[in-house]
Amino acid sequence: MILHDKNLLDNLALTSEAESLQNAGFINKEQRNLIRKELPSFKIQNNILVRIGFFLLGAFLYLSICGVIALIGLTSSSSERIFFEMCCYLFAAVGIAGAEFLVIQKYYRHGLDDAFILGILLNVGIAVGISTEHHETPLIPAVFVAIASFLTYRRYLHLVSMLVFCLASSAVLFFGLIEIGDIGKTILPFAAMLIAGGFYFLTKRSLKNLTEVYYFNGLLLINSYCLILFYLSCNYLIVRELSSELLGFDILPGQDIPFAFFFHAFTIIIPIVYLVQALKTKDRIMLWVSFASIAFSIYTIRFYHSILPIEAALTLGGLVLFAITYFSIKKLKNNETGLTFKPDRINNSNSLLNAEALIVASTFGLKPEVKPADSPMDFGGGGFSGGGSNGSF
Amino acid sequence: MGKFEEEASRSLLDKNLITENQYQEITTYRNLNIFSLNAELKLFLYLSVLLFTSGIGIIIYENIDTIGHIAILSILLIVIGVCFYFCFKNSKGFQKSQAVFDNPVLDYLVLAANILTCIFIGYLQFQYETFGTHYGLATLVPTLVSFFCAYYFDNKSVLTIAVTGLAAYVGFSVTPQDVFNHNSALYASQSLSYSAIMLGVLLILWTIYSFKINLKTHFALVYLTFALHIISVASISNMYDYELIWLFFAAILAVSSVYFYKISHQLKSISLYVFMIIYAYAGLNIFIFRIFEKIDFSNLWEIFIVLLPVYFVGSIVLFIKLIKNFNKEIA
């Protein structure tokens, strides 16, 4: 099923290992360059900026090819209506041809291939969507996109396709249960929770028994996606807003959704379980998911019971967070093994910290006090964007 | 992932690409089973500073008339004082080269102190008009404080605040949202574009001078990033102008692209290189478009659409070559 050369995929694992060993200082640059030279590799872009650049160029190319087809189709076909129904299938075919061509030319994670593969999925979705316009929910397009993205993942080992597959499958579940009717809508959160939990343990087991390295990232992605879906499926905020949206519940003051207690408890307990489990099993992805879910849980609670005004919450939150972090650093500082504050030589997530300066510039950048268009006497409300005084946090 | 990484090092050893010694070293290190929270905890420190200063900012903004001014000012002053006290106490003094605190917490204290100082001065000006109608001064003072902190404590985040402050003093906003927002003041008037380009050139000159006297050369990337974006965006936005002046801005863009082409190779900075290419490409396309505008092609537009894919294939080939060259030269 995989179109890529398996030798190259194996080599990719080796060169990326060499890369991380060089960053960790175990081998020197000459050695890494030698390894790179020895092992033939894909045309690959590891730098995300370059990859995005090529993605954009690829998208332009794709669009321009589609433009040519549209031009020929519109001038030569007799009925515009038929052409519009057909064109997205044609565009998807262009995507398949492009992706096959690029993959045979050994492009992998290059940006260009991403553009064509994602183009296939997008066009399949739109094409089926147009063909099934009269249908009530977008269930059928979701099914087709899920199938298509699974196939593109298996054929091109394209990780973003896997993400699309996860999203599309969730959409299938969601719309499928809605089509069943009121019962489906009622059991939606529980069904999503059980399925996410089930797939989490399933993928976890297959990750453990996996022998082919190139399926690792895809499985890991499903695994992490299930973690997130599991939390979101029974989050109080989401359940409540969805049930009032889907079932037409009008929640009066003093009333609550059914099983409110369960959802409340779930919202609070799951992030903590994640955090503890992540630290115990040293699972970095789960750790980040737990941070995100803690943040979302706090948001959920504040959404319904705002105890403190926003500014006090921010200030106090900042202080508390600072205190917690400060003491954790103090405690972990001198650990030599296991949990530690010392940077890991091999897996460091420093790229995140590099974005710091950018965030500071966007939130705290000084702005001119007097806009040139205004009169010089007009002093507009303190020119400092100091502390995002617009409260857009 | 553990088992696959170990497998990979094992097979690197089998292929004689790493030595037995290195392999031993790697496995010993892996067996320590290190799970580092370094980045995460630093991020939290950073987040706490952002939350805290935002909260303070909003409190002051909303209660500007209710709480006593003196109370606000004195609390702010105390917090700033405490932050700076710890920073100065633990700093090793000014150094010309890159310097790091022993304790990473202090980096974030510097940031907090600096942001609070900006809020403090802004509040002073708003309430008491300390600088009278010299509005520029109210921007310049925090800018100078930020520059001092950035250089003294070696803090890049503070440096970015200082540079945005400098731009604000000149009269425009260079926060990332504004640079890419087409309604911002940067595009409002041509005279502002000139000052923007001047500022960009000044920043470049400053980096050249810094390299000469060996002063904090690792800041160069921050300055150059600002300079690249300011100059390129200012000139590209003026290339839509109807007057013939757009040719002048096209020339500026061309010159700056050449300069950044060279400097990105020197600094081995792929981000500068990629953005330079993107701006140059955008500029080139606008240039071609403006030229074609003059000629009447109305009957031939179909040919254009057919030629477009060829044009993009050509660009892609060119880009692949450019990136390949860059990677080869910095390797």
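**Some points on the overall build of chain B**
Point 1. Summing up its helical and strand segments, chain B has 13 helices and one strand in all.
Point 2. Along chain B, helices (α) and strands (β) appear in the sequence α-α-β-α-α-α-α-α-α-α-α-α-α-α when read from the amino end.
Point 3. Since a compact globule built from 331 residues should have a radius of gyration of about 20 Å, the 26 Å found for chain B marks it as more spread out than a globular shape.
Point 4. In terms of principal-axis extent, the alpha carbons of chain B reach across some 75 × 70 × 40 Å.

**Remarks on the overall build of chain A**
Point 1. The secondary structure content of chain A amounts to 15 helices and one strand.
Point 2. Counting every position in chain A, which comprises 393 residues, the buried fraction comes to 32%.
Point 3. In chain A, once contacts between residues fewer than 6 apart in sequence are set aside, the share between residues at least 24 apart is 61%.

**Section: the packing of helix H13 (residues 310-332) of chain A against helix H3 (residues 38-62) of chain B**
Point 1. Remark: H13(A) packs on H3(B), axes separated minimally by 7 Å, with the N-to-C direction vectors making an angle of 155°. As judged from the angle between their axes, H13(A) and H3(B) are roughly antiparallel. H13(A) and H3(B) meet at a crossing whose hand is left-handed.
Point 2. Class assignment of the residues belonging to the contact of H13(A) with H3(B) gives a composition of 17 nonpolar, eight polar and two charged.

**Structural notes on the environment of Leu157(A)**
Point 1. With respect to the helices, strands and loops of the structure, Leu157(A) is situated in the loop between helix H6 (139-156) and helix H7 (159-180).
Point 2. The exposure class assigned to Leu157(A) is buried, which follows from the 21 C-beta atoms found within 10 Å.

**Some details on the confidence of the model for chain B**
Predicted coordinates in regions of low pLDDT should not be interpreted in detail.
Point 1. Taken over all residues, the pLDDT of chain B has a mean of 83, while the share at 70 or more is 91%.
Point 2. Predicted confidence in chain B is weakest over helix H8 (residues 176-179) of chain B, with a mean pLDDT of 63, and strongest over helix H11 (residues 245-267) of chain B, with 91.

**Observations concerning unusual backbone geometry**
All names here are of chain A.
Point 1. Its identity is not glycine, yet Arg 109 carries a phi of approximately 50°, on the positive side.
Point 2. Mapped onto the elements of the fold, Arg 109 is located in the loop between helix H4 (80-104) and helix H5 (112-131).
Point 3. Residue class for Arg 109 comes out partly exposed when judged on the 17 C-beta atoms lying within 10 Å of it.
Point 4. The phi angle at Leu 157 is positive, at roughly 50°, despite the residue not being glycine.

**Brief notes about the domain arrangement of chain B**
Many structure descriptions define interface size as the accessible area lost when the parts assemble.
Point 1. Taken domain by domain, chain B comprises domain 1 (1-35), domain 2 (38-170) and domain 3 (171-295).
Point 2. For domain 1 of chain B and domain 2 of chain B, the distance between their C-alpha centroids amounts to 46 Å.

**Looking at the environment of Leu210(A)**
All names here are of chain A.
Point 1. Position of Leu 210 among the secondary structure elements: in the loop between helix H8 (182-208) and helix H9 (216-233).
Point 2. C-alpha of Leu 210 to C-alpha of Ala 59: the two residues are 151 residues apart in sequence and 34 Å apart in space.
Point 3. Those residues in contact with Leu 210 that sit more than four places away from it in its chain are Tyr 215, Phe 216 and Leu 219.

**Some remarks on H4(A)**
Residues and elements named next belong to chain A.
Point 1. Its 25 residues give H4 an end-to-end C-alpha distance of 35 Å, which sits within 8% of 36 Å, the value for a rise of 1.5 Å per residue.
Point 2. The sharpest bend along H4 measures roughly 35° and falls at Met 86.
Point 3. Downstream of H4 by a residue or two, Lys 106 has a phi angle that is positive, lying close to 70°.

**Considering the packing of H5(A) against H6(A)**
How two helices pack is summed up by the angle between their axes together with the distance between the axes.
Residue and element names in this part refer to chain A.
Point 1. Following both chains from N to C, one finds H5 and H6 inclined at 155°, their axes separated by 8 Å at the closest point. Taken together, the axis directions place H5 and H6 in an arrangement best described as roughly antiparallel. The element H5 and its partner H6 pack so that their crossing is right-handed. Here H5 contributes Asp 113, Ile 117, Ile 120, Leu 121, Val 124, Gly 125, Val 128 and Gly 129 to the contact with H6, which in turn contributes Ile 140, Pro 141, Phe 144, Val 145, Ala 148, Ser 149, Thr 152 and Tyr 156.
Point 2. Among the residues forming the contact of H5 with H6, the class breakdown is eleven nonpolar, four polar and one charged.

**Considering the nonpolar core**
Point 1. Residues Ile120(A), Val124(A), Val145(A), Val110(B), Ala112(B) and Ala227(B) are the most contacted members of the largest nonpolar core, which totals 142 residues.
Point 2. Here the element with the most residues in this core is helix H5 (residues 105-128) of chain B; it accounts for 14 residues.
Point 3. Once residues lying within four places of it in the same chain are set aside, the contact partners of Val145(A) are Leu121(A), Val124(A), Gly125(A), Val164(A) and Ala168(A).

**Describing the environment of Gly55(B)**
Point 1. Assignment of secondary structure puts Gly55(B) in helix H3.
Point 2. Once the C-alpha coordinates of Gly55(B) and Ile119(B) are considered, the two residues, 64 residues apart in sequence, prove to be 12 Å apart.

About the criteria used
- Residues numbered from 1 in each chain as written.
- Chains lettered and ligands numbered in written order.
- Predicted model: local features only at pLDDT ≥ 70, side-chain atom pairs only at ≥ 80, totals over all residues.
- Helix = DSSP H or I, 4+ residues; strand = E, 2+ residues; numbered from the N terminus.
- Rg over C-alpha atoms; globule rule 2.2 N^0.38 Å.
- Buried ≥ 20, exposed ≤ 12 C-beta atoms within 10 Å, placed from the backbone.
- Contact = placed C-beta atoms within 7 Å.
- Axes fitted to C-alpha atoms, helices over the stretch in contact; angles between N-to-C directions.
- Parallel < 35°, antiparallel > 145°, perpendicular 65-115°, else oblique.
- Left-handed = near helix turned anticlockwise from the far one by under 90°.
- Nonpolar A, V, L, I, M, F, W, Y, C, P; charged D, E, K, R; others polar.
- pLDDT = per-residue confidence, 0-100.
- Domains from an automatic or database assignment.
- Expected span 1.5 Å × (residues − 1).
- Bend = angle between axes of the 7 residues up to and from the residue.
- Core = buried A, V, L, I, M, F, W, Y, C linked by C-beta atoms within 7 Å.

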